[in-house]
Amino acid sequence: MLTHDEKRDYIRMDVDCEITYKLADSNEVSTGKCTTLSGAGVSFIADKPFDIGLAMEVSIMPKTQITPPMTAFIEVVRSVKQGDGSYEIAASIKSIKGN
């Protein structure tokens, strides 16, 4: 039984670190800002929208060296335009890439 307020399978953590992202079939890498992370998903700020269902690869670089970077394969579930013209991308994590 879940006891935390969100009633999610994984607790979502607010983060503030750099993220790189690219389409699954591309070598063009872009940089954004990771805003939340959980065991099942991630959200980040990007300079353009992405279609729901799109497969991507992301690498999250924490600000401290205590936490290692993480590379994951994700699927976009939401893309919302922000007031400053950027986009908040929400995605489910499909798998973690091994080092």
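Whatever comes next refers back to the structure up there.
Please read these numbers as outputs of a predicted model, since none were measured by experiment.

Quick notes on the rules
- Residues numbered from 1 in each chain as written.
- Predicted model: local features only at pLDDT ≥ 70, side-chain atom pairs only at ≥ 80, totals over all residues.
- Heavy atoms only, no water.
- Helix = DSSP H or I, 4+ residues; strand = E, 2+ residues; numbered from the N terminus.
- Contact = heavy atoms within 4.5 Å.
- Polar contact = N/O pair within 3.5 Å; in protein donor to acceptor, adjacent residues only side chain to side chain.

### Structural notes on the environment of Tyr 87
- Here Tyr 87 is to be found in strand S6 (residues 87-96).
- Taking the C-alpha atoms as reference points, Tyr 87 and Phe 50, separated by 37 residues in sequence, lie 8.8 Å from one another.
- If we skip the residues at most four places from it in the chain, Tyr 87 touches Phe 44, Ile 45, Ala 46, Asp 47, Lys 48, Pro 49, Ser 79, Val 80, Lys 81 and Gln 82.

### Let's talk about the environment of Ser 92
- Tracing the backbone shows Ser 92 in strand S6.
- In this structure, the C-alpha to C-alpha distance between Ser 92 and Phe 73, residues 19 residues apart in sequence, is 8.7 Å.
- Apart from the residues lying within four places of it in its own chain, the contact partners of Ser 92 are Ala 40, Gly 41, Phe 73, Ile 74, Glu 75 and Val 77.

### Structural notes on the side chain of Ser 59
- Among the structural elements, Ser 59 can be located in strand S4 (residues 55-61).
- For Ser 59, the side chain forms a polar contact with the side chain of Thr 71, separated by 2.9 Å.
- In this structure Ser 59 touches Glu 18, Ile 19, Thr 20, Met 70 and Thr 71, once residues within four positions along its chain are discounted.

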